[in-house]
Amino acid sequence: MKFSDIPGHSNIKTSLRNLVDSSNMPHAIMLCGVSGIGKMCIARAFMQYAHCLSPRNGEPCGECPSCRQHLSFNHPDVHFIYPIVKNKAQKIESSEDRIESWKRMLSEYPWMPQEKWQEIIDSGNSQPLIYVNDADNIVRADAYSSFTSKYKFFVIWLPEKLQPAAANKLLKVIEEPTEGTVFVLVSNNESEVLPTISSRTRRFNMQPVDQSLISQYVTEKYQLDAQTAETVARLSGGRISKADELASHSGEREEFSILFQDIMRAAYAKKPAKLREIGDSASGMGREKLRRFLSYMTQMARENFIYNIRIPDLSSMTREEEAFSQRFSPFIHHGNVEEIVNRIEEASTHIERNGNSKLILFSLFLYIIPLLHRKAT
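Keep in mind that this is a model prediction, so the values were computed, not measured. Here the residue numbers are simple positions, counted from 1 along each chain's written sequence. With the structure being a predicted model, the display of local features is reserved for residues of pLDDT at least 70 and the display and counting of side-chain atom pairs for 80 or more, all residues being used for whole-chain, interface and lining totals. Just so you know, side-chain values use all the structure's heavy atoms and leave hydrogens and water out.

**Concerning helix H12 (residues 252-268)**
Turning to step 1, where the next piece is worked out: Between the first and last C-alpha of H12 there are 24 Å, a value that for 17 residues agrees with the 24 Å anticipated at 1.5 Å per step.
Turning to step 2, where the next piece is worked out: Three labels apply to residues, based on accessible area from a 1.4 Å probe with only protein chains included: buried if under 20% of the type maximum, exposed if over 50%, partly exposed otherwise in between. Labels follow the DSSP assignment, with helices taken as runs of H or I lasting at least four residues and strands as runs of E lasting at least two, numbered in each case from the N terminus. Of all the positions in H12, only Glu-252, Arg-253, Phe-256, Ser-257, Leu-259, Phe-260, Gln-261, Ile-263, Met-264, Ala-266 and Ala-267 are classed as buried.
Turning to step 3, where the next piece is worked out: Residue contacts follow a heavy-atom distance rule, with two residues in contact if any of their heavy atoms lie within 4.5 Å. Looking at the buried residues of H12, the elements they touch are helix H10 (226-236), helix H11 (240-248), helix H13 (272-282), helix H14 (287-308), helix H15 (319-328) and helix H17 (357-372). To estimate how far a helix should reach, multiply one less than its number of residues by 1.5 Å.

**Some points on the nonpolar core**
Side chains that are nonpolar tend, in soluble globular proteins, to be buried together.
Turning to step 1, where the next piece is worked out: As used here, the term nonpolar core means buried Ala, Val, Leu, Ile, Met, Phe, Trp, Tyr and Cys residues forming a set that is joined through side-chain atoms within 4.5 Å. Membership of the largest hydrophobic core comes to 59 residues, with the highest contact counts inside it found for Met-40, Phe-46 and Trp-157.
Turning to step 2, where the next piece is worked out: Sorting elements by how many residues they give to this core places helix H2 (residues 39-51) first, with nine residues.
Turning to step 3, where the next piece is worked out: Setting aside anything within four residues of it in sequence, one finds Trp-157 in contact with Met-40, Ile-81, Tyr-82, Pro-83, Trp-102, Met-105, Met-112, Gln-114, Trp-117, Ile-130 and Val-186.

**Topic: the side chain of Lys-161**
Turning to step 1, where the next piece is worked out: Note on placement: Lys-161 falls in the loop between strand S3 (152-157) and helix H7 (164-175).
Turning to step 2, where the next piece is worked out: When charges are counted, Lys and Arg contribute as positive and Asp and Glu as negative, whereas His and the chain ends are disregarded. Salt bridge, as used here, is a side-chain nitrogen of Lys or Arg placed within 4 Å of a carboxyl oxygen of Asp or Glu. Buried within the structure, Lys-161 lacks any salt-bridge partner; Glu-192 is the closest side chain of opposite charge, at an N-O distance of 5.2 Å.
Turning to step 3, where the next piece is worked out: Setting aside residues no more than four positions away along its own chain, Lys-161 makes contact with Pro-83, Gln-114, Gln-127, Pro-128, Leu-129 and Ile-130.

**Side note on the confidence of the model for the protein**
For any part of a model where pLDDT is low, the fine detail of the predicted coordinates should not be relied upon.
Turning to step 1, where the next piece is worked out: How sure the predictor is of each residue is captured by pLDDT, a score from 0 to 100. Summarising the model, the protein shows a mean pLDDT of 93, and 99% of its residues fall at 70 or more.
Turning to step 2, where the next piece is worked out: The secondary-structure element of the protein with the lowest mean pLDDT is H10, recorded at 87, while H2 shows the highest, at 98.

**Describing H14**
Turning to step 1, where the next piece is worked out: In this model, H14 (22 residues) spans 31 Å end to end at C-alpha, consistent with the 32 Å of a helix rising 1.5 Å per residue.
Turning to step 2, where the next piece is worked out: Once H14 finishes, Arg-310 follows within two positions and takes phi at roughly 60°, a positive value.

Encoded structure:
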């Protein structure tokens, strides 16, 4: 991973390069910001640059043995720690037991959308956490010298998921690690990190990426036309992970918009036969596409609520979606929005568990009928 592979964050990149070039490496840093803006990519580029044997113009060369180890996620002086769901039957007790899933995450979803990790490890209703086992492993590993490099890195993804006992066990080693050890914490929610942990780090606050940079990124990667790229950039909210999702399925949004509008019109008109017909047709999408559509329905319910209460700065809709919302949004209000969203998310969970999609969709659409006719409170 090179710094130039990552859109935006020029000031952060410069600061991290300077830490390496000046040999003034702190013992712990924390990259903070919302999910999907490139924090882990920045961390990876930073570590590869620090380990590179022949850096060029502020970038790792990408060719030396150290860079090749980084690219294959096998560098002996980089240790990743991340939230898991324990499973004694499957002998999953620490991060190491999920290493293949982790490599898949880094490879397929480098912008690290948190929901994708939960999907990959099939966390279900369980909350992934970082347990004492990993804290013990860090303390033990810190006692050994680095293998091939000046610096040995411990990367803790989502330190806000540290169990209190694990966090407390790490306090001393983060504050006074052995020479050459550097902790890199990557947080989606700094406010939830234990203060005694965050106070021991040098923090770098990362902001969402500028729309112009995201537009350029998706244009080059997905060969989108200018208008589509601008729409993707605007809807992404500065999150590269969201831009990837939108751009890779750029034709779906229009399809989903039409389908959503048909469902809401039929539900408001109290036409169950039409809703059954729509559900039967939509069930042919396949499970993954259907889950993306239900996620879109959830987003549109929230967007229409925001539109209804007149906070346009928070809205992220296309012009076509906004045109529909001008008349539809009054029917999404304080009295029903939460239940509508809950019903859609419940349907998505049933789809994920291989339920009968036709029955699930028809049931969902029937629930929506009285909710749309419920009076605002």
